Amino acid sequence: MRWLEPDEPEPFRVEEPAGRSPFLLTCDHASALVPRRLNSLGLPAEELQRHIAWDLGAAAVALKLAARLGAFLILQNYSRLVIDCNRPPGSAQSVLRVSDGTRIPGNESVSPGEILAREREVFYPYHNRIQSELNARLATKQTTILVAMHSFTPVFHSIPRPWQVGVLYHRDRRLADLLLSYLMRDSELVVGNNEPYSVSDETDYTIPVHGERRGLLHAEVELRQDVIADEDGQSAWTERMAQALLQSLDALML
């Protein structure tokens, strides 16, 4: 039986499907949408517009960046509070009961069967589509560089975050080092080196599974939400990240 209703969006959308750029972009937390059957997870509308539900501004920048680079982009269509598509299934952060001090009533008594349904219809279709795209590119020997686009709240647990942008990595820092080097040339920027987060097998999924396990060049980009809150900021950061990625590509001489 289908868990999502027939007229609801598919779990992902793809933009620039025929993009020939080496870059493949993902946006794990692109939307705050909640399936109707979950009744907004018991949250008022204003809570679903906070950072706890999605990465504000990340999808807008990812869409502009995909168009700028001619790069394949996949965006996840449901809120991270339904199931977090950048957390390992079964982990404590996969389906949160509390996020940044906010109770998530619709998740407090969620059953194992309900979690499996969310995995089946939201999590795995998204990641299976990434996998199928990577397999197709491998079959045609198309170079692929994975870039996971995210955003972060300017203040977390009452602590201001100084970084406008962070570049995240785990075991393989080849691309991350090039991006950091480019971004740090701008003396007006505060650039996070594995800040405000870092990647790990326990807390992340997209980079460890699709990037590291395949041996692909990769990085996660985190943009602070206030710097991409409007069209001007989104356009400016799109161009800045496009230049950073293209200059890194030149340095790699692929």
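Residues numbered from 1 in each chain as written. Predicted model: local features only at pLDDT ≥ 70, side-chain atom pairs only at ≥ 80, totals over all residues. Heavy atoms only, no water.

1. A word on the side chain of H218
Now for step 1: Here H218 lies in strand 11 (residues 217–224).
Now for step 2: When its relative accessible area of 1% is taken as the criterion, H218 is described as buried.
Now for step 3: Here L216 takes part through its backbone oxygen, which lies 2.6 Å from a polar atom of the side chain of H218.
Now for step 4: Beyond its immediate sequence surroundings of up to four residues, H218 is in contact with L146, D172, L175, A176, I207, G211 and E212. (Helix = DSSP H or I, 4+ residues; strand = E, 2+ residues; numbered from the N terminus. Buried < 20%, exposed > 50% of the residue type's maximum accessible area, 1.4 Å probe, protein only. Polar contact = N/O pair within 3.5 Å; in protein donor to acceptor, adjacent residues only side chain to side chain. Contact = heavy atoms within 4.5 Å.)

2. Some remarks on the sheet that holds strand 11
Now for step 1: Read from one edge to the other, the open sheet built from seven strands follows the order 1-3-2-6-11-9-10, with strand pairing classed as mixed. Looking at which strands have only one partner, the edges of the open sheet turn out to be strand 1 (12–15) and strand 10 (191–193). Pairs of neighbouring strands in the sheet enclose a mean axial angle of 20°, with direction left out of account.
Now for step 2: Contacting strand 1, strand 2 (23–27) and strand 3 (72–76), helix 3 (residues 112–139) runs over the sheet at an angle of about 170° to strand 3. (Pairing = 2+ DSSP bridges. Axes fitted to C-alpha atoms, helices over the stretch in contact; angles between N-to-C directions.)

3. A look at unusual backbone geometry
For residues that are not glycine, phi is negative in most cases, and the peptide bond is trans in most cases.
Now for step 1: For the peptide bond that leads from E195 to P196, omega is 5°, which places it in the cis range.
Now for step 2: Here P196 shows up in the loop between strand 10 and helix 5 (206–212).
Now for step 3: Even without a glycine there, the phi angle at H157 is positive, about 50°.
Now for step 4: In this structure, H157 sits in the loop between strand 7 (155–156) and strand 8 (159–160).
Now for step 5: Exposure remark for H157: the relative accessible area of 53% places this residue in the exposed category.
Now for step 6: Despite not being glycine, S158 has its phi angle at roughly 70°, a positive value.
Now for step 7: Here S158 lies in the loop between strand 7 and strand 8.

So, to be careful, I would describe these as geometric facts and stop short of saying anything about function.
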